[in-house]
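# Observations on the model geometry
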Amino acid sequence: AQKVTQAQTEISVVEKEDVTLDCVYETRDTTYYLFWYKQPPSGELVFLIRRNSFDEQNEISGRYSWNFQKSTSSFNFTITASQVVDSAVYFCALPRKDKLIFGTGTRLQVFP
Amino acid sequence: KAGVTQTPRYLIKTRGQQVTLSCSPISGHRSVSWYQQTPGQGLQFLFEYFSETQRNKGNFPGRFSGRQFSNSRSEMNVSTLELGDSALYLCASSLEPLAGGWNEQFFGPGTRLTVL
C-alpha cells in the first residue's frame, strides 16, 4: 500500500538554525514521484518540489535542499538558516495514480 | 499567470443545508482535483475531473458530488451538511491528470466551510 509517514508532528527552532523535516514512504512501485508542499497559515498548499525515484541526487534551491534515499525510503527536506517566514506546515506526498497520498504534516515554528 | 482560485473563501452553513464550492484552475490546466482537510483525518482525496468527466473518487459518501465544465472550471457540492463536513476544501489543478506524479499539481487557497 502507498503510505507516507512524517513522524515529526511539530518542530520549533530559532531563526538562522538549520532544520530537517523527515519523510518516509512506502510504495510497491519501482518508479515513482514524491512531492513536498508548504502550507502557511493562509491555508494554501504551495508546491515546493517534485522528484522522480530515478534521480537520487540531492536537490538544492536557495536555502532549501532535499535528500532522496531509496535505500531507506526517505525524502527529507532541509531548510538552512531558517527564517520566520518559513513557519508553516510542511507535507510530503506520494502520488497513487491520479491522487496524492499525503503525510500528516510537520508544523515548523521559527522564532525570532 | 494566475494561480488556482477558489470561491468563496469562507462559508458558514447549518446542518441539513447544501453548499456549492467553485474552483477555477490555472489557465491551460484541464485536470481538477478536490481534497478535504480536517484536523482529524488530514488531507484526503475527494475526486478528480478531466475533460468534464469524473475519473476518480475518494472514499466519501454520495452527499459529496462535483462536476467540471467545458472551460475546466469545477464545482463541488455537499448536500445535507453534517457537522463533520466542517473542513478546508482544497482544489488542485494540473495540465493533465496527475498520472502517478508525471504532472505537477498546484493548489488553490481553499474554501473553509463551517457547519453549525
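Bear in mind that the values here come from a model prediction, so they are computed numbers and not experimental data.

## Observations concerning the side chain of aspartate 98 of chain A
Tracing the backbone shows aspartate 98 of chain A in the loop between β10 (88-96) and β11 (99-102). At 3.4 Å, the side chain of aspartate 98 of chain A and the side chain of asparagine 56 of chain B are in polar contact. One polar contact links the side chain of aspartate 98 of chain A to the main-chain amide nitrogen of leucine 98 of chain B, over a distance of 3.4 Å. Apart from the residues lying within four places of it in its own chain, the contact partners of aspartate 98 of chain A are Ser33, Phe45, Glu48, Arg55, Asn56, Pro97, Leu98 and Ala99 of chain B.

## Side note on the interface of chain B and chain A
With 24 residues of chain B in contact, the opposing surface of chain A contributes 17 residues. Joining chain B to chain A, the criterion identifies two salt bridges. The closest approach of N and O atoms between aspartate 98 of chain A and arginine 55 of chain B, which form a salt bridge, is 2.7 Å. The interface formed by chain B and chain A includes 10 residue pairs in polar contact (both at pLDDT 80 or more). Within the residue set of the side of chain B that touches chain A, elements represented by two or more residues are β4 (31-38), β5 (42-50), β6 (53-57), β9 (87-94) and β10 (106-107) of chain B. Looking at side-chain class alone, the side of chain B that touches chain A contains 12 nonpolar, eight polar and four charged residues.

## Quick notes on the pattern of salt bridges
Here the structure, examined in full by the defined rule, presents 11 salt bridges over all chains. Residues arginine 63 of chain B and glutamate 82 of chain B are paired through a salt bridge, measuring 3.6 Å at the closest nitrogen-oxygen approach. Remark: glutamate 82 of chain B occurs in the loop between β8 (74-78) and β9 and arginine 63 of chain B occurs in the loop between β6 and β7 (64-68); sequence separation between them is 19 residues. What you see here is one network of salt bridges that share partners, running through Arg51, Asp55 and Glu59 of chain A.

## What about the packing of aromatic side chains?
Inspection of the entire model under this criterion finds 22 aromatic pairs over all chains. Pairwise contacts between aromatic rings join Phe35, Tyr37, Phe47, Phe91 and Phe102 of chain A together with Tyr35, Phe45, Phe106 and Phe107 of chain B into one cluster.

## Re the side chain of histidine 29 of chain B
Residues and elements named next belong to chain B. The topology assignment puts histidine 29 in the loop between β3 (19-24) and β4. In this structure the side chain of histidine 29 is engaged in a polar contact, spanning 3.4 Å, whose partner is the backbone nitrogen of serine 94. The contacts of histidine 29, once residues within four sequence positions are left out, are Ser72, Ser93, Ser94, Leu95 and Phe106.

## A look at the pairing of β3 of chain B
Residue and element names in this part refer to chain B. Where strand β1 (residues 5-7) meets β3, three bridges bridge the pair, whose relative direction is antiparallel. Across the sheet, the residue bridging to threonine 5 is serine 24, located in β3. Judged from the five bridges that link them, β3 and β8 form a sheet pairing that is antiparallel. Across the sheet, the residue bridging to leucine 21 is methionine 76, located in β8.

## What to know about the state of the cysteines
Residues and elements named next belong to chain B. Scanning the model with the defined rule gives two disulfides over all chains in all. In this model, cysteine 23 is linked to cysteine 91 through a disulfide, with the two sulfur atoms separated by 1.7 Å. On the S-S bond that ties cysteine 23 to cysteine 91, the torsion sits near -60°, and the link is left-handed. Residue cysteine 23 is located in strand β3, and its partner cysteine 91 is located in strand β9; the two are separated by 68 residues in the primary sequence. Taking relative accessible area as the criterion, cysteine 23 reaches 0% and is therefore assigned buried. Given the relative accessible area of 0%, cysteine 91 is considered buried.

Parameters at a glance
Residues numbered from 1 in each chain as written. Chains lettered and ligands numbered in written order. Predicted model: local features only at pLDDT ≥ 70, side-chain atom pairs only at ≥ 80, totals over all residues. Heavy atoms only, no water. Helix = DSSP H or I, 4+ residues; strand = E, 2+ residues; numbered from the N terminus. Polar contact = N/O pair within 3.5 Å; in protein donor to acceptor, adjacent residues only side chain to side chain. Contact = heavy atoms within 4.5 Å. Salt bridge = Lys/Arg side-chain N within 4 Å of Asp/Glu carboxyl O. Nonpolar A, V, L, I, M, F, W, Y, C, P; charged D, E, K, R; others polar. Phe/Tyr/Trp six-rings, centres within 6.5 Å; stacked < 30°, edge-to-face > 60°. Pairing = 2+ DSSP bridges. Disulfide = S-S within 2.5 Å. Buried < 20%, exposed > 50% of the residue type's maximum accessible area, 1.4 Å probe, protein only.

Purely geometric stuff here, so don't read any function into it on its own.
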